[in-house]
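What follows is the residue order along each chain.
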Amino acid sequence: MSAEGKLSENEKDSYDEEKGAVVTHVDLANNVQARIQNPLYGIPRKTLLKNVERFVQEKDLEDITDLFKKAALLAQSPKEFEEIPELTEDDKYHIRRETTNRWSQSRDLYLTVVICSLAAAVQGWDQTGSNGANLSFPQELGLTSEPGHPRAEINDWIVGLINSGPYIATCLIGCWLTDPLNYYFGRRGTLFWCGIFCTFSVIGQGLAQTWEQLFVCRLLLGLGMGPKATTSPVFAAENVPANIRGGLVMSWQMWTAFGIFLGFSANLALQGTGDIAWRLELGSAFLPAVPLTIGIYFCPESPRWYMKKNRYKDAYKSFCRLRNSEIQAARDLYYVHCQLVEELAVLKGTNYFMRFYELFTIPRIRRATLASWVVMIAQQMCGINIIAFYSSTIFVNAGYSSRQALLASWGFGLVNWLFAFPAVWTIDTFGRRNLLLFTFPNMAWTLLAAGFCFYIPESSSARVPLIAFFVFFFAAFYSPGEGPVPFTYSAEVFPLTHREMGMSWAVATCFFWASVLSLTFPRLLSAFGSVGAFGFYAGLNVVAFVMIFFLMPETKQRTLEELDYVFAVPTSRHASYQLKTFLPYWVRRWVLFQKVELEPLYNFDEVESITVFEKGAGH
């Protein structure tokens, strides 16, 4: 398909001169029939090869015309690759290994994942430095909130404001810098920017002399955290193959959890350093930021970003670094190009403000905007960050000493990290949506149980261990579900034209509510007590479960381009399917134990995915 290809009217059979056949087009704005379509579907062989010749001429790739002809035939009929005579045995060897050895990927692809993981570790460490520092910096900076103190209530709000500083700056400014930073500097350049801000701002926190200086440094930290949290998952999602995309992109959360664990470890190790403990706890987060800033230079740029800039030679070179063979690189480039032609026919994204406006006006993008908003706000509704930000304070209130509280927080960080590992295998098999629907009810009851344990008399030796047990149990359910899914999901659901802006929206949503949580929790804890605070967030878990059930489509094992068709399905049709088809099936299958089959939502009759062959995936 050439750059001149156009979409036909909604779901109509038409004679496509470009394809030389009668084909059924899927409307990317209103995919009522839930049909998923390969953009190469229905093109006769002769026409396809002519289209390839035109493509290589337009993109200055004529020296590898034969390679792209093979790649186009492979992208059109991936299941029949053994019968494509143009493919060599070496080509077929690499295609077979995509299924038999799916984790055998190129060194540069894994380097990209490592660097994105470093970015995540920086994020986690930045979040937990203030957790331990909360035990001492308020007293050092004259912000005590002891009962009876005349400024106790005001100081509660100031401490909350300081803790929420990075999230305020992230949601108001940092995330929205992502689009222009990526436009001018690419994914790599944006992450370099983030590394600079995440190095020097945390050093500034450790040197602050007043709470105002500390607050300003934490605001500056948000200018690095925002574009980093927005760009890093997108960078990983655009570079990895679809069949392992979830497992590798979710490394963002797994290594954010590892960064949280490192932050708790640093807090525990630095606890005995006296009056400067809080300075060292806040400033130590620069350690992983330095290798991030240096290492990003050695990664290949996102090939999809090059294609967006019409730099197809660079995109091909990048794909070659990210794939195990040239045939895979050429196949992925041509397949992505063909879908982008379809995408750009209706999704223009002409300038910064129009791209933001279109997040809410173009139906396909609006549905992705809604789904990403749901999964991101759910991360704050579940209550994980009342533990991540304030666990030391909570454990001190429960009766632990400062050191015991830091040790319990360290245990929470360890559980949070270790239980993220199962999601590496389940996120692309069990699915994003199913992970959330399983874990949210369990997070609700464990959080409620932790709150009720505060009713145990302080004289009982079981009180604090039981509180810690249910907090750890809560983290064990969070880590394989709502932990990895939001950033993985949001990084993949938006079309390339709006990916930076859409991810900015999603991450801004997450950090806006993180700032609200961080700002209000000290006062909420004082007003409601520990039982009320935990019970409040347990109830929000139930609300989040309902939102996810009705408003969040599955995305597992679909290429980024095929998701255009998934999110063209109207929200009303998706919600109706969940209520009238999926819910009755689930009750009959798992409550009444009847042998029934689930009617799939999506129709894959016209797609031969380059990554997934089973029909019904993602229902």
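Criteria and thresholds
- Residues numbered from 1 in each chain as written.
- Predicted model: local features only at pLDDT ≥ 70, side-chain atom pairs only at ≥ 80, totals over all residues.
- Heavy atoms only, no water.
- Patch = residues over 30% accessible without salt bridge, like charges linked within 9 Å, V, L, I, M, F, W, Y side chains within 5 Å.
- Areas by Shrake-Rupley, 256 points an atom, 1.4 Å probe, with all protein chains shown as cover.
- Salt bridge = Lys/Arg side-chain N within 4 Å of Asp/Glu carboxyl O.
- Helix = DSSP H or I, 4+ residues; strand = E, 2+ residues; numbered from the N terminus.
- Phe/Tyr/Trp six-rings, centres within 6.5 Å; stacked < 30°, edge-to-face > 60°.
- Buried < 20%, exposed > 50% of the residue type's maximum accessible area, 1.4 Å probe, protein only.
- Lys NZ or Arg CZ within 6 Å of the ring centre and 35° of its normal.
- Polar contact = N/O pair within 3.5 Å; in protein donor to acceptor, adjacent residues only side chain to side chain.
- Contact = heavy atoms within 4.5 Å.
- Expected span 1.5 Å × (residues − 1).
- Bend = angle between axes of the 7 residues up to and from the residue.
- Axes fitted to C-alpha atoms, helices over the stretch in contact; angles between N-to-C directions.
- Parallel < 35°, antiparallel > 145°, perpendicular 65-115°, else oblique.
- Left-handed = near helix turned anticlockwise from the far one by under 90°.
- Nonpolar A, V, L, I, M, F, W, Y, C, P; charged D, E, K, R; others polar.

J.: Explain a nonpolar patch on the surface here, please?
T.: On the surface, Leu579, Leu583, Trp586, Val587, Trp590, Val591 and Leu592 cluster together into a nonpolar patch covering about 640 Å² of accessible area. Looking at where Leu592 falls in the secondary structure, it is placed in the loop between helix H26 (571-591) and strand S4 (603-606).

J.: What should I look at first to understand the packing of aromatic side chains in this one?
T.: Think of a pair of aromatic rings as described by two things: how far the centres are apart, and how the planes are tilted against each other in angle. Summed over all chains, the structure comprises 36 aromatic pairs. The interplanar angle of 25° and the centroid separation of 6.2 Å between the aromatic rings of Phe452 and Tyr455 together place this pair among those described as stacked. Overall, the relative accessible area of 59% leaves Tyr455 in the exposed class. Through a chain of ring-to-ring contacts, three or more aromatic side chains come together here, namely Trp255, Phe258, Phe261, Trp410, Trp417 and Phe421. In this arrangement the basic side chain of Lys309 is found over the ring face of Tyr183, its NZ or CZ atom lying 3.2 Å from the centre.

J.: Please explain the pattern of salt bridges as it appears in this structure.
T.: Throughout the structure, instances matching the rule amount to 17 salt bridges. Between Asp91 and Lys70 there is a salt bridge whose closest N-O contact spans 2.8 Å. Of the two residues, Asp91 sits in helix H3 (residues 89-100) while Lys70 sits in helix H2 (residues 65-76), which places them 21 residues apart along the sequence. An identical accessibility class is assigned to Asp91 and Lys70; each is buried. Of the charged contacts in the structure, one is a salt bridge between Glu82 and Arg96, with a shortest N-O distance of 2.8 Å. Of this pair, Glu82 sits in the loop between H2 and H3 while Arg96 sits in helix H3, and the two are 14 residues apart along the sequence. Exposure remark for Glu82: the relative accessible area of 33% places this residue in the partly exposed category. Looking at Arg96, the relative accessible area reads 31%, which means it is partly exposed.

J.: What am I meant to see in the environment of Ile294 here?
T.: As for its position among the elements, Ile294 is in helix H12 (residues 286-295). Judged by its relative accessible area of 52%, Ile294 is exposed. Linking Ile294 and Phe192, residues 102 residues apart in sequence, is a C-alpha distance of 7.8 Å.

J.: Any chance you could explain the side chain of Thr178 here in plain terms?
T.: Examined against the element boundaries, Thr178 turns out to sit in helix H7 (residues 178-207). Overall, Thr178 belongs to the buried group, its relative accessible area being 1%. A polar contact is formed between the side chain of Thr178 and the backbone oxygen of Cys175, at a distance of 2.8 Å. Contact partners of Thr178, with chain neighbours within four places excluded, come to Gly226, Pro227, Thr230, Thr231, Glu500 and Ser504.

J.: Sorry, what's going on with helix H21 (residues 432-452) here?
T.: Structurally, the α-helix is built with 3.6 residues per turn, so residues lying three or four positions apart point the same way. Between the first and last C-alpha of H21 there are 31 Å, a value that for 21 residues agrees with the 30 Å anticipated at 1.5 Å per step. Taken as a whole, H21 carries its principal kink of about 25° at Thr439; the proline Pro441 stands between one and four residues after it. By the criterion of burial, H21 is predominantly enclosed, with 15 of the 21 residues buried.

J.: Would you mind going over the packing of helix H4 (residues 107-133) against helix H8 (residues 211-239) with me for this structure?
T.: The packing of two helices is summarised by the inter-axis angle and the distance between the axes. In contact at an axis separation of 10 Å, H4 and H8 are set at 150° when each is read in the N-to-C sense. Comparing their axes, H8 and H4 come out roughly antiparallel. Seen along the crossing, H4 lies across H8 with a hand that is left-handed. Residue-level contacts link Leu109, Thr112, Cys116, Ala119, Val122, Gln123, Asp126, Gln127 and Ser130 of H4 to Arg218, Leu221, Met225, Lys228, Ala229, Ser232, Phe235, Ala236 and Asn239 of H8. A breakdown of the residues in the contact of H4 with H8 according to their chemical character gives nine nonpolar, six polar and three charged.

J.: It is not clear to me how the packing of H21 against helix H22 (residues 463-478) should be interpreted in this structure. Could you clarify?
T.: Closest axis-to-axis distance for the H21/H22 pair is 8 Å, and the angle between their directions is 165°. Looking at the two axes, H21 sits roughly antiparallel to H22. Read as a crossing pair, H21 and H22 show a hand that is left-handed. Packed against H21, whose contacting residues are Phe438, Thr439, Asn442, Met443, Trp445, Thr446, Leu447, Ala449 and Ala450, the element H22 presents Ile467, Phe470, Val471, Phe473, Phe474, Phe477 and Tyr478 at the interface. Its residues placed into classes, the contact of H21 with H22 shows 13 nonpolar, three polar and no charged.

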